Amino acid sequence: MEEIKDVLGDDSKTKSSLTWIMLDNMVVPLDNGDVVVSMLKEAMELINGKFETEYGALTHSVKALDISLKIDTELALEVGRRTKRA
């Protein structure tokens, strides 16, 4: 919550480049499947419509996935030629 207060208190950011605030992991899951949304509600009250917001739970439920960005250029060209995209 401190980060939101810091951003909202920084006039130079609020008047220039900041347009969205991502509210990640602002709910607490309970064992019975319910969630506590008090932190999310408090954040939304602080923001009070001044910025677009988006809510997510990115790091609580993430599973590891290793994606390599290494590309075999010869293979890519071969596939491209076969599909007439190279």
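Note that the coordinates shown come from a computational prediction; the quantities given were computed from them, not determined experimentally.

Trainee: Hey, could you run me through the overall build of the protein chain in this one?
Mentor: Within the protein chain, the secondary structure is distributed over four helices and four strands. Accessible surface for the protein chain amounts to roughly 7,300 Å². Of this, 55% is attributable to carbon and sulfur atoms.

Trainee: How should I be thinking about the nonpolar core in this particular structure?
Mentor: A general tendency of soluble globular proteins is for nonpolar side chains to be buried together. In this structure, M1, I4, L8, I21, L23, M26, V27, L40, A43, I47 and F51 together form the largest nonpolar core, which totals eleven residues. Elements that contribute at least two residues to this core include exactly α1 (2–9), β1 (20–24) and α3 (38–47). With three residues, α3 is the single largest residue contributor to this core. With sequence-adjacent residues up to four places away left out, L23 is seen in contact with I4, L40, A43, M44, I47, T53, E54, Y55 and G56.

Trainee: Which parts of the structure should I look at to understand the pattern of salt bridges?
Mentor: Pairing between side chains of opposite charge can happen when the charged atoms of each approach one another. For the structure on display, the rule yields two salt bridges. For E2, the salt bridge goes to K5, with nearest N and O atoms at 4.0 Å. Linking E2 with K5, this pair stays in helix α1, spanning three residues, or about one helical turn. Linking R82 and E78 is a salt bridge whose minimum nitrogen-to-oxygen distance equals 3.9 Å.

Trainee: I keep staring at the environment of T19 and nothing clicks. Help me out?
Mentor: Relative to the elements of secondary structure, T19 occurs in the loop between α2 (11–14) and β1. Taking relative accessible area as the criterion, T19 reaches 49% and is therefore assigned partly exposed. T19 has contacts with F51 and E52, leaving out every residue within four places of it along the chain.

Reading the values: rules and limits
- By convention here, each chain's residues receive numbers from 1 onward along its written sequence.
- Side-chain atom pairs in this predicted model are given and counted only at pLDDT of 80 or more, local residue features only at pLDDT of at least 70, and totals for whole chains, interfaces and linings cover all residues.
- Excluded from the side-chain calculations are hydrogens and water; all other atoms, namely the structure's heavy atoms, are used.
- Working definition: helices are DSSP H or I runs of at least four residues, strands are E runs of at least two. Numbering for both runs from the N terminus.
- Note on areas: Shrake-Rupley, 1.4 Å probe, and residue coverage restricted to the protein chains presented here.
- Here, nonpolar core means buried Ala, Val, Leu, Ile, Met, Phe, Trp, Tyr and Cys residues that are tied together by side-chain atoms lying within 4.5 Å of each other.
- Accessible area is worked out with a 1.4 Å probe on protein chains only. A residue is then buried under 20% of its type maximum, exposed over 50%, and partly exposed in between.
- We call two residues in contact whenever any of their non-hydrogen atoms come within 4.5 Å of each other.
- Salt bridges, as used here, are contacts in which a Lys or Arg side-chain nitrogen is within 4 Å of a carboxyl oxygen on Asp or Glu.

This is a description of form; function is not addressed.
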